[in-house]
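Summary of structural features
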Number of protein chains: 2
Amino acid sequence: MSDGPTITTIAERAGVSIASVSRVLNGLPTREDTVRRVLSAADELGYVPNSVARSLKSRRTNQVAFAMADIGNPVYLTMVREIQPVLKAAGYRLVLHSTDADVAEEIDVLRSLGERYVDGLIMIPLRIGEAHLKAVEAARAPVVIIGSVPDGTRVDNVRTDSRTGVRLALEHFHSLGRRRIGFVNGPLDTVPGSARSTAYAEGIRELGLPYDENLVEIGDFYRAEGAQAVSRLLSRAPDLDAVMCANDLIALGALDVLRRAGRRVPEDVAVAGMDDIDLAAVAWPSLTSVSLGSAERGRLAAELLLDRLGNGDRDPKVVTVPPHLMIRASTVGEETP
Amino acid sequence: MSDGPTITTIAERAGVSIASVSRVLNGLPTREDTVRRVLSAADELGYVPNSVARSLKSRRTNQVAFAMADIGNPVYLTMVREIQPVLKAAGYRLVLHSTDADVAEEIDVLRSLGERYVDGLIMIPLRIGEAHLKAVEAARAPVVIIGSVPDGTRVDNVRTDSRTGVRLALEHFHSLGRRRIGFVNGPLDTVPGSARSTAYAEGIRELGLPYDENLVEIGDFYRAEGAQAVSRLLSRAPDLDAVMCANDLIALGALDVLRRAGRRVPEDVAVAGMDDIDLAAVAWPSLTSVSLGSAERGRLAAELLLDRLGNGDRDPKVVTVPPHLMIRASTVGEETP
DNA sequence: TTGTACGCGTTATCAG
DNA sequence: CTGATAACGCGTACAA
């Protein structure tokens, strides 16, 4: 637990200058004898380079941050699992931020990039406003945003197409003969909330179905809140035969509520979610879900950031991951064992 | 994206020395006029302190690392969610390491503490050997280990009592009239694997039941591997009426397998897991599980570390979190809706 | 090939 | 109350 040797300590021990120590440690050409003495001294002393001092000089920390809304949401977890190895392979450590979907906190993270404790940031904000965009463009380190930003914003951006995603699910319901399709959404002032809201309205019309506002309910993107919203929806529209949920946590809440209400899934009410989290396949019945390619979006974001770190001046890139529908028991019934 | 102002920039702009700038920024007593000029200069320039330079001087990074076996395991996630706010409230950032339960990687994390990029470490190793203990005691920053270390090891340590935990579940099975109680474990060379193995053997004997090695199967602590192990167990001991699983992922795998095999849970076979992860309550049927207080262990570890960071010389503490049984449908049948 | 000396941005000490 | 200056540990021109 002592204070740790520095290159000065090693230099004294090896009888050379600190410059030589530094050279040897960095693999620069040095006389073989010197190399040996430095290395053995370093070894005996258990030397470990001080990354802070190194960073001050090199202006790189080899750390990257990932800021997500809620570390407890499986979607973000999936992304972490993809981002981590990509960055690790490139020699970066991952620092996590959980912002609780709080705008002020997110902007604070952006601002804190000026502290230079990370070389870059991957961020997935729930709400994106003027303040965000200004902060992003003023950021002092490369930033990649997961989630659609307004066109023309100068940021690397990984997006998905949740509009198409919602449509895939609605068409699936329709093809199964469902005509009273409810929709449970999260807050409308969030990026996914607003996108999915318009997608539902459009999708319903394209199917030639009437838009009935009694079929729409708004809660939040969590399981408990989702369940409550589904309850309200059920009492307002008892005749519904399908429920589209804006994410899987809401959909899992829907399964709970429907079971308690004695409605069979999918015979009475079919259910679909979005995100295709791991729990979707686990649920009972297993949950049909629109995959938004969370794993792939995470990986792409990491790759985009690495690319940018290696080449700071290229133009911003936008990458889009297409959604696809994972059909499971909650819409088509149980597979036979 | 410019290079960012430093206190020197501010000093020039405000027409004072860098010392004064530093004083103002750190709230040290300064003439009001100076304060104003410095603050406005800092504001105009959008100054953000360089945390790397500060760390070099102060020898503190205000970062703490958490090293877990697998970032995908809900148990560790629960811990992260508890650790994070405790540390954040104390002004620390969290850096995550996923070691894939690899001993070499874990020791590398310990060694890397010498790099001074974090002020402390919370670690939860699956296997704890001589190498670990040596590395821990040689570590150059405070370490807290979650998981039992040998008595006498000089480390802050948060443990649980999985022996009692296994016993709770076995007694529960026994009280339900089950007598052919199988056991599916993870690798025996892991800390939890070995503890739970002996706990099962002891518990069975204490209940006056014969120890039948056909009732014991070893796989790994993941869902798929657990499911395979349960399959093997079922074919070797088709008459079992209960399965104790060494963690919840295995237990979820057990539910899958039993369902496919046409065995009703709990009527034909009762199932219990350990860890009480969130998915346990979600599963169908909901899963009886031995809670090992993951959230509390995480919180305690964070508090222990903070305490140590504030007072480096106290004696190591050992804190134990008692297990308790969460009884759900997989052993007692479905609650009525 | 090696050593000296400076700078990275801060904080802290010590005169003025 | 303020300003010059010395660290912190490392990398690296530049000189020897």
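Everything discussed here concerns the structure shown above.
Values in this document were obtained by computation on a predicted structure and should not be read as measured data. The residue numbering used here restarts from 1 in each chain and proceeds along that chain's sequence as written. Written order decides the labels, with chains lettered from A and ligands numbered from 1. Two thresholds apply to this predicted model, a pLDDT of at least 70 for residue-level local features and 80 or more for giving and counting side-chain atom pairs, whereas whole-chain, interface and lining totals are computed over all residues. To get the side-chain values, all heavy atoms of the structure are used, and hydrogens and water are removed first.

Now for the relation of the copies chain B and chain A. When the copies are superposed, the least-squares fit draws on C-alpha atoms of residues that have pLDDT of at least 70 in both. Mapping chain B onto chain A leaves a residual RMSD of 0.1 Å; the transformation is a rotation of 180° accompanied by 0.1 Å of translation along its axis. Here the two chains are linked by the operation of a two-fold rotation axis. The rotation axis passes nearest to the C-alpha of Val95(B) in chain B, at a distance of 2.2 Å.

Note on aromatic contacts: the rings of Phe and Tyr and the six-membered ring of Trp form a pair at centre separations within 6.5 Å, being stacked when their planes are under 30 degrees apart, edge-to-face when over 60 apart, and tilted otherwise. This model, assessed by the stated rule, comprises 4 aromatic pairs over all chains. Ring geometry for Phe183(B) against Tyr200(B): centres 4.6 Å apart, planes inclined by 10°, an arrangement best described as stacked. Separated by 17 residues along the polypeptide, Phe183(B) in strand 6 (residues 181-185) and Tyr200(B) in helix 9 (residues 191-206) bring together distant segments of the chain. A relative accessible area of 2% means that Tyr200(B) is categorised as buried. These aromatic residues form a ring-pair network of at least three members: Phe183(A), Tyr200(A) and Tyr211(A). Cation placement over rings: the criterion is NZ of Lys or CZ of Arg within 6 Å of the ring centroid and within 35° of the ring normal. A cation sits over an aromatic face here: Arg93(A) above Tyr117(B), 3.3 Å from the ring centre. Here a strand is any run of E in DSSP of at least two residues, a helix any run of H or I of at least four, and the numbering for each starts at the N terminus. Residue exposure (1.4 Å probe, protein chains only): buried if accessible area is under 20% of the type maximum, exposed if over 50%, otherwise partly exposed.

This brings us to helix 13 (residues 294-310) of chain A. Residue and element names in this part refer to chain A. To estimate the expected span of a helix, subtract one from its residue number and multiply by 1.5 Å. Here helix 13 contains 17 residues, and its C-alpha end-to-end distance of 24 Å stays within 8% of the 24 Å for a straight helix at 1.5 Å per residue. Every buried residue of helix 13 is listed here: Ser 294, Arg 297, Gly 298, Leu 300, Ala 301, Ala 302, Leu 304, Leu 305 and Arg 308. Any two residues whose heavy atoms approach within 4.5 Å at even a single point are treated as in contact. Contacts from the buried residues of helix 13 go to strand 1 (63-68), helix 5 (74-89), strand 3 (120-123), strand 4 (143-146), strand 5 (156-160) and strand 11 (318-321).

Contacts to DNA strand D come from 25 residues, most closely from Tyr47(A), Ser20(B), Thr30(B), Thr34(B) and Arg59(B). Near-protein atoms of DNA strand D (within 4 Å) split between backbone and bases, with sugar and phosphate holding 62%. For the purposes of these results, a polar contact is taken to be a pair of N or O atoms within 3.5 Å, where, inside protein, one atom must be able to donate a hydrogen and its partner to accept one; residues adjacent in sequence count only when each atom of the pair is a side-chain atom. In this structure, Thr34(B) approaches DNA strand D through a side-chain N or O atom, which is 2.2 Å from a phosphate oxygen. Between DNA strand D and Lys57(B), the relevant distance is 3.0 Å, taken from a base nitrogen to a side-chain nitrogen or oxygen of the residue. Elements with a contribution of two residues or more to the surface near DNA strand D: helix 2 (18-25) and helix 4 (51-58) of chain A together with helix 2 (18-25) and helix 4 (51-58) of chain B. The leading source of residues in the surface near DNA strand D is helix 2 of chain B, at 4 residues. As a working rule, the residues Ala, Val, Leu, Ile, Met, Phe, Trp, Tyr, Cys and Pro are called nonpolar, Asp, Glu, Lys and Arg charged, and the rest polar, with Gly in that last group. For the surface near DNA strand D, the class distribution of residues is 11 nonpolar, 8 polar and 6 charged. We call a residue near a given molecule or strand whenever any one of its heavy atoms falls within 4 Å of it.

What follows concerns the interface of chain B and chain A. Facing 50 residues of chain B, the contacting portion of chain A comprises 50 residues. By definition, the buried area sums, over both parts, the 1.4 Å-probe accessible area that each loses when the two are put together. Broken down residue by residue, the surface that chain B buries against chain A is led by Arg93(B), Arg140(B) and Trp284(B), which jointly contribute 14%. Only one rule defines a salt bridge in this text: a Lys or Arg side-chain nitrogen within 4 Å of an Asp or Glu carboxyl oxygen. Counting across the interface, chain B meets chain A through 6 salt bridges. Taken together, the connections running from chain B to chain A amount to 15 residue pairs in polar contact (both at pLDDT 80 or more). Of all the secondary structure elements, the ones that give two or more residues to the side of chain B that touches chain A are helix 4, helix 5 (74-89), strand 2 (93-98), helix 6 (103-112), helix 11 (248-260) and helix 12 (278-282) of chain B. The greatest single-element share of the side of chain B that touches chain A, amounting to 6 residues, is contributed by strand 2 of chain B.

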